[in-house]
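Coordinate analysis (summary)
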Amino acid sequence: MNPIRLHVISASVRPTSAARPLARWAADLAREQGRGRFEVTPVDLAEIALPFLDEPEYASTGVYAHAHTRAWSALVDSADAFLFVLPMYNGGFTAPFKNAIDFLYREWQGKPAGLLSYSAGGSGGAPAGRMLRPVLESVGMVPAQASAAVPGITGLVTADGFRAPEGLAGELAAVLEELAALARRPVSA
């Protein structure tokens, strides 16, 4: 069986974002604990550098005028599943992430998505994940029921990377298990 092409997307564009070290840790965990099921591709929205949506046609047409949209389309299209690593800002997810979702439509269809949220406070960004779910469903994605949240992120990111709190690896493993099952499910016509 071919490995599932899992894109781990860091959904923050801030230069000092904790999403990057957390996404690296999550990608490493997916490689290590995935037992060869995942081919992991890290994706950093800051590196993608999409402008605000500037396509003249609706995303549902799949007609893209700009090279940056065609490149984003090809990258998203190449994935079988996604793990979104998202911060919570003011109770929600980031505008650049919503913008990146809005650029495309067909490319998201039927693909499973897992959520790994974080925040400086005690919620671990879970409200941002709850807010994101209906958006993912509206573009045809299949959000995993399992999710993982990281509270107190500022104390967990060091110069050496992300230091996972006890239990987080197990929570993320459950998300990855569900993503693998969703990615392998038969697609109904």
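Scroll up to find the structure this text is about.
Model, not experiment: these values are computed from the prediction.

So, unusual backbone geometry
- The phi torsion at Ala 49 lies on the positive side, around 55 degrees, for a residue other than glycine.
- Of note, Ala 49 is situated in the loop between helix H2 (45-48) and helix H3 (67-77).
- Even without being a glycine, Asn 90 presents a positive backbone phi close to 50 degrees.
- Locating Asn 90 in the fold gives a position in the loop between strand E3 (81-87) and helix H4 (95-102).

Digging into the side chain of Thr 94
- By the secondary structure assignment, Thr 94 is in the loop between E3 and H4.
- Given a relative accessible area of 4%, Thr 94 falls into the buried group.
- A distance of 2.9 Å separates a polar atom in the side chain of Thr 94 from the backbone oxygen of Ala 11.
- A distance of 3.2 Å separates the side chain of Thr 94 from the backbone nitrogen of Phe 97, its partner in a polar contact.
- Look past the residues within four positions of Thr 94 in its chain and what remains in contact with it is Ala 11, Pro 87 and Tyr 89.

Comments concerning H3
- By the burial criterion, the buried members of H3 are Thr 69, Trp 72, Ser 73 and Val 76. All buried residues of H3 project into a common sector of 105 degrees when viewed along the axis, lining one side.
- Looking at the buried residues of H3, the elements they touch are strand E1 (4-10), strand E2 (38-44), H2, E3 and H4.

Here we look at the environment of Ala 59
- The residue Ala 59 is located in the loop between H2 and H3 in this model.
- Measuring from C-alpha to C-alpha, the distance between Ala 59 and Asn 99 comes to 12 Å, with 40 residues separating the pair along the chain.
- Aside from chain neighbours lying at most four places away, what touches Ala 59 is Tyr 64, Asp 102, Phe 103, Leu 104 and Tyr 105.

What to know about the pattern of salt bridges
- Enumeration according to the criterion identifies eight salt bridges in this entry.
- Residue Asp 28 pairs with Arg 31 through a salt bridge whose shortest N-O separation is 3.0 Å. Linking Asp 28 with Arg 31, this pair stays in helix H1 (residues 19-33), spanning three residues, or about one helical turn.
- Arg 106 is paired through a salt bridge with Asp 77; the nearest N and O atoms lie 3.1 Å apart. You can see Arg 106 sitting in the loop between H4 and strand E4 (112-118) and its partner Asp 77 sitting in helix H3, a full 29 residues away along the chain.
- The network of salt bridges with shared partners includes Asp 77, Arg 106, Glu 107 and Lys 111.

Things to note about the packing of H1 against helix H6 (residues 168-184)
- With their axes 10 Å apart at the nearest point, H1 and H6 run at an angle of 65 degrees to one another. The orientation of H1 with respect to H6, classified from their angle, is roughly perpendicular. Between H1 and H6 the crossing geometry is right-handed. Between H1 and H6, the residues in contact are Trp 25, Ala 26, Leu 29, Ala 30 and Gln 33 and Leu 168, Ala 169, Leu 172, Ala 173 and Leu 176, respectively.
- Class assignment for the residues of the contact of H1 with H6 results in nine nonpolar, one polar and no charged.

What counts, and where the lines are drawn
Residues numbered from 1 in each chain as written. Predicted model: local features only at pLDDT ≥ 70, side-chain atom pairs only at ≥ 80, totals over all residues. Heavy atoms only, no water. Helix = DSSP H or I, 4+ residues; strand = E, 2+ residues; numbered from the N terminus. Buried < 20%, exposed > 50% of the residue type's maximum accessible area, 1.4 Å probe, protein only. Polar contact = N/O pair within 3.5 Å; in protein donor to acceptor, adjacent residues only side chain to side chain. Contact = heavy atoms within 4.5 Å. Arc of directions from axis to C-beta. Salt bridge = Lys/Arg side-chain N within 4 Å of Asp/Glu carboxyl O. Axes fitted to C-alpha atoms, helices over the stretch in contact; angles between N-to-C directions. Parallel < 35°, antiparallel > 145°, perpendicular 65-115°, else oblique. Left-handed = near helix turned anticlockwise from the far one by under 90°. Nonpolar A, V, L, I, M, F, W, Y, C, P; charged D, E, K, R; others polar.

So yeah, pure geometry; function would need other evidence.
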